[in-house]
Amino acid sequence: WELIDLHGNLMGTGSAKVKTSANTHTIAGKLFEDEKPGGFYFARLRLKNSKGELLDENLYWLTAEDSDWLALDELHAADVQVSVSEQADGSLQATLENKDQETAFFMRLKISDRKKRELLLPVFMEDNYITLFPGESRQIEIDLSHLDEKAAESEMDLVVAPWNGEAVTVEL
């Protein structure tokens, strides 16, 4: 696990090795030995198999007080670079990279019709509403195969809209 402050600075780390079966739960440990940190912060939990391969990752937003949510307004715009490539199976792979020293928070990915500026549905994405800390990158698979014929033939954009900053648009 990692505890990370609002601006992407590491506050603490830890790990635990546990054995468990499918469809069960096991308490692996505690995030805090003493008291919780103050302010707004993140807890990132990563589940890996016995070979060290990542199986799942979850990011939690935590606060000490209800008013700590207001700290989100302190985030500066992050410089996020976005590229898209087509895969052999026809799906798309979007690469998002945070080139900044600020957290790129809660980025929403969507596919839109370039001319009508309307959301195209259904589109299936491997993940969405993504947070990247400074220097991090992520690859997201995008499946457009369920779009109707008319939508599939339209000129499309991938729009990546962060909480903090301007949306990035990539023509598909």
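Quantities reported herein were computed from a predicted structural model and do not represent experimental measurements.

S.K.: A description of the environment of Glu153 should follow, citing residues and the corresponding values.
M.R.: Within the fold, Glu153 resides in the loop between helix 1 (149-152) and strand 11 (156-161). Judged by its relative accessible area of 60%, Glu153 falls in the exposed class. For the pair Glu153 and Asp113, spaced 40 residues apart in sequence, the C-alpha to C-alpha distance is 9.8 Å.

S.K.: Residue-level account of the pattern of salt bridges, with values.
M.R.: Counted according to the given criterion, the structure contains nine salt bridges. The partner of Arg44 in a salt bridge is Glu57, and the shortest N-O contact between them spans 3.8 Å. Separated by 13 residues along the polypeptide, Arg44 in strand 3 (residues 40-48) and Glu57 in strand 4 (residues 54-63) bring together distant segments of the chain. Measuring nitrogen to oxygen at the nearest pair gives 3.6 Å for the salt bridge that ties Glu97 to Lys99. What you see here is one network of salt bridges that share partners, running through Glu2, Arg44, Arg46, Glu57 and Glu136.

S.K.: Go over the packing of aromatic side chains, please, and point to the residues and values.
M.R.: Counting across every chain of the model gives 12 aromatic pairs. Relative to Phe42, the ring of Phe40 has its centre 5.3 Å away and its plane inclined at 85°; by these criteria the two rings are edge-to-face. Grouping residues by exposure puts Phe40 and Phe42 together as buried. Centre to centre, the rings of Trp61 and Phe106 are 5.0 Å apart; their planes meet at 85°, and the pair counts as edge-to-face. Here Trp61, found in strand 4, pairs with Phe106, found in strand 7 (residues 104-113); they are 45 residues apart in sequence, far enough to count as distant. Aromatic ring contacts, followed pair by pair, group Phe40, Phe42, Trp61, Trp69, Phe105, Phe106, Tyr129, Phe133 and Trp163 into a single cluster.

S.K.: Describe the sheet that holds strand 8 (residues 124-125), with residues and values.
M.R.: Sheet architecture is open: four strands sit in the order 5-6-10-8, paired in antiparallel fashion. Every interior strand has two partners, whereas the edge strands, strand 5 (80-86) and strand 8, have only one. Pairing of strand 6 (residues 92-98) with strand 10 (residues 137-143) involves six bridges; the strand directions are antiparallel. Its bridge partner lying in strand 10, Gln93 is registered against Glu141.

S.K.: Provide a residue-level description of the environment of Thr20, including the pertinent values.
M.R.: Residue placement: Thr20 occurs in the loop between strand 2 (10-13) and strand 3. Residue Thr20 is classed as partly exposed on the basis of its relative accessible area of 47%. As a C-alpha pair, Thr20 and Met107 span 87 residues in sequence and 33 Å in three-dimensional space. With near-sequence residues (within four places) excluded, Thr20 lies in contact with His25 and Thr26. At 2.8 Å, the side chain of Thr20 and the side chain of Thr24 are in polar contact. Looking at Thr20, its side chain comes within polar contact range of the side chain of Thr26, at 3.0 Å.

S.K.: Which residues make up the sheet that holds strand 12 (residues 168-171), and what are the values?
M.R.: Reading across the sheet, the four strands line up as 9-7-11-12 and stay open at both edges, with antiparallel pairing between neighbours. The open sheet has two edge strands with one neighbour each: strand 9 (130-132) and strand 12. Recorded for the sheet is a direction-independent mean angle of 30° between the axes of neighbouring strands.

S.K.: Lay out the side chain of Asp157 in plain terms, naming residues and giving numbers.
M.R.: Within the secondary structure layout, Asp157 lies in strand 11. Other than its neighbours up to four places away in sequence, Asp157 contacts Lys110, Ile111, Ser112, Arg114, Thr169, Val170, Glu171 and Leu172.

What counts, and where the lines are drawn
- Residues numbered from 1 in each chain as written.
- Predicted model: local features only at pLDDT ≥ 70, side-chain atom pairs only at ≥ 80, totals over all residues.
- Heavy atoms only, no water.
- Helix = DSSP H or I, 4+ residues; strand = E, 2+ residues; numbered from the N terminus.
- Buried < 20%, exposed > 50% of the residue type's maximum accessible area, 1.4 Å probe, protein only.
- Salt bridge = Lys/Arg side-chain N within 4 Å of Asp/Glu carboxyl O.
- Phe/Tyr/Trp six-rings, centres within 6.5 Å; stacked < 30°, edge-to-face > 60°.
- Pairing = 2+ DSSP bridges.
- Contact = heavy atoms within 4.5 Å.
- Polar contact = N/O pair within 3.5 Å; in protein donor to acceptor, adjacent residues only side chain to side chain.
- Axes fitted to C-alpha atoms, helices over the stretch in contact; angles between N-to-C directions.

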